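One letter stands for each residue in the lines below.
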Amino acid sequence: MSSTTPSPQQFQYLSPSTSCTFLAISSIFFLFYTFQFSHNCSQSFDDLFNASELKWSTSLDNSSSCSHINFPTDISHLKFILASSRKTFKSRRPYIEAWWRPNQTRGNIFLDSPPTEDLLPWPSSYPPFQVNKDIRKLRVYPKLVVPAAVRLFRSILETFWLGDNENVRWYVMGDDDTLFLVNNLVEVLGKYDHTKYYYIGMTSEAVKSNFDFSFNMAYGGAGYALSYSLVEVLVPAIDDCIDRYPYLRVSDQLLSSCLVDLGVDLTNEKGFHQVDLLGDISGLLSSHPQSPLVSLHHLDGINPIFPSKNRYESINHLMEAAKFDQSRLLQQTICYHRPTNWSFSVSWGYSAHIYENIIPRSVLRKPLETFAPFKKSARPPLYMFNTRLPSSHDPCQTPHVFFLESVIKNIETKQDQLLTTYSRAYQRNLPSCSSSGNHSADHITHIRVVLQETRRRQGAEVECCDVEYVAAANVADIKLRSCIIGEVIA
């Protein structure tokens, strides 16, 4: 034996002080590497030492490997499940074409029967189609009140069976008439840990719809997202859940009930919109919540969102603005021109309003009730948010309305700027507001809004703006900017 190799006896007789030093150093190294592991896996020390939270992995799959969660969520991590039918798909294709990105977005559109010959060969610009499995083979089928609801619900199961789930973090459900703002959806989901159980979406705008189904249910038309970890535990439970609830009439309620039984509740995100409304929803879109716009639904059931265009043209026009900056789309910014006592409300990429009166943000953030409830039998309260009743006779409360005309890069300056121009929709045919000085805005034909292109709006950030207006000019210019600390918008 080498003279430099310690013998067993040498280890047996280490002094007590040496042993304590050894244990202390070992403990420090253990805590250091424990912290590193915890940090890389996005876990807290509380999680690490809570035995009920520990999950031991036997494989490096996408739901448990730390290497899959230490970089931001992007479009490749989302897998879409779009519900459709052979009957509805033909007329709703333009909605899908407006947001689907071939070779970037992942997922499938599910049909109730194979596509007709006029749709074949299936265009590569569409999501790949799948025909749902025949649910008549299910043991519970005779008891099903609405079999179509089960077909749609099982699309989650059938998507999982298809495979191709590598690096998938989120399953995103939607309808064939759902318009998704994909960049904003990625940003919203990026706030959440996909390795935990998350069910993210939004309730209906209508009290009656929520009363009929649930106030804690995401609506699939608006879209909802399921973390992949949740999908893994949901899939084996789906058919048992259908057996428990054969009387439920909609797939969203089936999912919600099943998830509640698994101990998972809805996480609300205000950017998902079911649009359980009728008529002109410009009032809602002009006072959108301070959350990224994620989706719009029921586009066939409302007026075109731009009054001078049809439905499909309107959606494409909105998406033109989205190509430049999804983060600000429909985000409301309010400012004032004190010499004329005018209030300006800008819904970026959609509309602009002028009020001939100074009106605080606390009032203008409430949508004008230009729309009607989805169900005509509904009784007040009608909506899940406060509204303002439009006044067609009060010149101090009735806005001059402008809609998006164009969005371009501002080539007049060397700075990176976006210029959106909004043109007048119609004349109010009202006198000027006498109580604020009789400063009529009837002659204004356009509002131009300048935005620094390089600065992306962050989350629920509220922005401010400044108005530049020369007396008697027919154009008002607005520059968006960050609010000053303590700035009052009133």
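Up top you'll find the structure we're talking about.
Residues numbered from 1 in each chain as written. Predicted model: local features only at pLDDT ≥ 70, side-chain atom pairs only at ≥ 80, totals over all residues. Heavy atoms only, no water.

Hey, could you go over the overall build of the chain for me, with residue numbers and the actual values?
When its secondary structure is counted, the chain shows 14 helices and 19 strands. Counting over 490 residues, the chain shows a buried share of 50%. When contacts within the chain are restricted to residue pairs at least 6 apart in sequence, those whose partners lie at least 24 apart make up 69%. With the model as given, the accessible surface of the chain reaches about 23,900 Å², and the carbon-plus-sulfur share is 55%. (Helix = DSSP H or I, 4+ residues; strand = E, 2+ residues; numbered from the N terminus. Buried < 20%, exposed > 50% of the residue type's maximum accessible area, 1.4 Å probe, protein only. Contact = heavy atoms within 4.5 Å. Areas by Shrake-Rupley, 256 points an atom, 1.4 Å probe, with all protein chains shown as cover.)

Can you tell me about a nonpolar patch on the surface, naming the residues and giving the values?
Together, Tyr 197, Val 233 and Leu 262 make up a nonpolar patch on the protein surface, roughly 220 Å² of accessible area in all. With respect to the helices, strands and loops of the structure, Tyr 197 is situated in the loop between helix H7 (182-189) and strand S6 (199-201). (Patch = residues over 30% accessible without salt bridge, like charges linked within 9 Å, V, L, I, M, F, W, Y side chains within 5 Å. Salt bridge = Lys/Arg side-chain N within 4 Å of Asp/Glu carboxyl O.)

Tell me about H7, residues and numbers included.
Where burial is concerned, most of H7 is hidden: six out of the eight residues are buried. Tucked into the core, H7 has its buried residues touching strand S1 (78-83), helix H4 (86-99), strand S4 (170-175), strand S5 (179-180), S6 and strand S7 (224-227).

Before we move on, can you summarise the pairing of strand S18 (residues 463-468) with the specific residues and values?
Two strands pair when backbone bridges link them, and S18 and strand S19 (residues 475-482) are joined in this way by six bridges, in the antiparallel orientation. Paired with Val 467 across the strands is Ile 478, a residue of S19. Connecting S18 to the antiparallel partner S19 that follows it, the hairpin turn spans six residues, and Ala 472 within it adopts a positive phi of roughly 75°. (Pairing = 2+ DSSP bridges.)

How would you explain the sheet that holds strand S17 (residues 446-452) if you had to name every residue and give the values?
With mixed pairing, the eight strands of this open sheet are ordered in space as S11-S12-S13-S15-S16-S17-S19-S18. The open sheet has two edge strands with one neighbour each: strand S11 (332-337) and S18. Between one strand and the next, the sheet's axes are offset by a mean angle of 25°, whatever the strand orientation. (Axes fitted to C-alpha atoms, helices over the stretch in contact; angles between N-to-C directions.)

Explain unusual backbone geometry residue by residue, including any values.
Omega for the bond connecting Leu 120 with Pro 121 falls within 30 degrees of zero, at -5°, which places this linkage in the cis form. Mapped onto the elements, Pro 121 comes out in the loop between strand S2 (106-111) and strand S3 (129-131). A cis geometry characterises the amide bond from Pro 380 onward to Pro 381, with omega recorded as 0°. As for its position among the elements, Pro 381 is in the loop between strand S14 (371-373) and strand S15 (400-409). The phi torsion at Asn 103 lies on the positive side, around 70°, for a residue other than glycine. Judged by relative accessible area, Asn 103 falls into the exposed class, the value being 84%. Residue Leu 330 is not a glycine yet carries a positive backbone phi of 70°. On the secondary structure map, Leu 330 appears in the loop between helix H13 (311-324) and S11.

Help me get a handle on the environment of Leu 111, residues and values and all.
As for its position among the elements, Leu 111 is in strand S2. Residue Leu 111 is classed as buried on the basis of its relative accessible area, which comes to 1%. Sequence separation between Leu 111 and Arg 86 is 25 residues; the distance between their C-alpha atoms is 6.0 Å. The contact partners of Leu 111, leaving out residues within four places of it in the chain, are Ser 84, Ser 85, Arg 86, Phe 89, Trp 122, Phe 129, Gln 130, Val 131, Asn 132 and Arg 151.

Would you mind going over the environment of Ser 291 in detail, with residue names and values included?
Within the secondary structure, Ser 291 sits in the loop between helix H12 (282-285) and strand S10 (295-296). Sequence separation between Ser 291 and Gln 331 is 40 residues, and the spatial gap between their C-alpha atoms is 7.7 Å. Setting aside its immediate chain neighbours within four residues, Ser 291 contacts Lys 270, Gly 271 and Gln 331.

An account of the packing of aromatic side chains is needed here, citing residue identities and associated values.
Following the criterion strictly, the structure yields 24 aromatic pairs and no others. Ring geometry for Trp 99 against Trp 100: centres 5.5 Å apart, planes inclined by 75°, an arrangement best described as edge-to-face. Relative to Tyr 224, the ring of Tyr 199 has its centre 6.1 Å away and its plane inclined at 80°; by these criteria the two rings are edge-to-face. Placement of the pair is Tyr 199 in strand S6 and Tyr 224 in strand S7, with a sequence separation of 25 residues. (Phe/Tyr/Trp six-rings, centres within 6.5 Å; stacked < 30°, edge-to-face > 60°.)

Tell me what's going on with the pairing of strand S13 (residues 351-355), and back it up with residues and numbers.
Consecutive side chains of a regular strand alternate in pointing toward one face of the sheet and then the other. Burial of S13 is extensive: five of the five residues sit out of reach of the surface. Neither face of S13 is exposed, since Ser 351, His 353 and Tyr 355 on one face and Ala 352 and Ile 354 on the opposite face are all buried. Note: strand S12 (residues 342-347) against S13, five bridges, orientation antiparallel. In the sheet register, Phe 344 faces S13, and the bridge partner there is Ile 354. The antiparallel hairpin formed by S12 and S13 contains three residues in its connecting segment, where Gly 349 sits at a positive phi of about 80°. The pairing of S13 with S15 spans four bridges and is classified as antiparallel. Each residue of the ladder has a partner; that of His 353, found in S15, is Val 401.

So what's going on with the nonpolar core? Which residues, and what values?
Side chains that are nonpolar tend, in soluble globular proteins, to be buried together. Counting residues in hydrophobic clusters, the biggest one holds 114 residues, and the most contacted among them are Ile 156, Tyr 199, Leu 226, Trp 348 and Ile 478. Leaving out residues up to four positions away in the same chain, Leu 226 has contacts with Ile 156, Arg 169, Trp 170, Tyr 171, Tyr 198, Tyr 199, Val 231, Leu 234, Leu 255 and Leu 259. Listed in part, the eight residues of the second largest apolar core include Ile 334, Ile 359, Leu 368 and Ile 489. (Core = buried A, V, L, I, M, F, W, Y, C linked by side-chain atoms within 4.5 Å.)

So what's going on with the pattern of salt bridges? Residues and values would help.
Enumeration over the complete set of coordinates arrives at 20 salt bridges. The partner of Asp 477 in a salt bridge is Arg 448, and the shortest N-O contact between them spans 2.7 Å. With Asp 477 in strand S19 and Arg 448 in strand S17, this residue pair connects regions lying 29 residues apart in the sequence. Between Arg 481 and Glu 487 there is a salt bridge, with the nearest N and O atoms lying 2.7 Å from each other.

Could you give an account of the side chain of Asp 252, naming the residues involved and the relevant values?
With respect to the element layout, Asp 252 can be found in helix H11 (residues 251-261). Although Asp 252 lies buried, it forms no salt bridge, and the closest oppositely charged side chain, Lys 375, sits 12 Å away as judged by the N-O distance. Here the side chain of Asp 252 touches Gly 220 through a polar contact of 2.9 Å, landing on its backbone nitrogen. If near-sequence neighbours (up to four positions away) are discounted, Asp 252 is found in contact with Met 217, Ala 218, Tyr 219, Gly 220 and Tyr 224. (Lys, Arg positive; Asp, Glu negative; His and termini not counted. Polar contact = N/O pair within 3.5 Å; in protein donor to acceptor, adjacent residues only side chain to side chain.)

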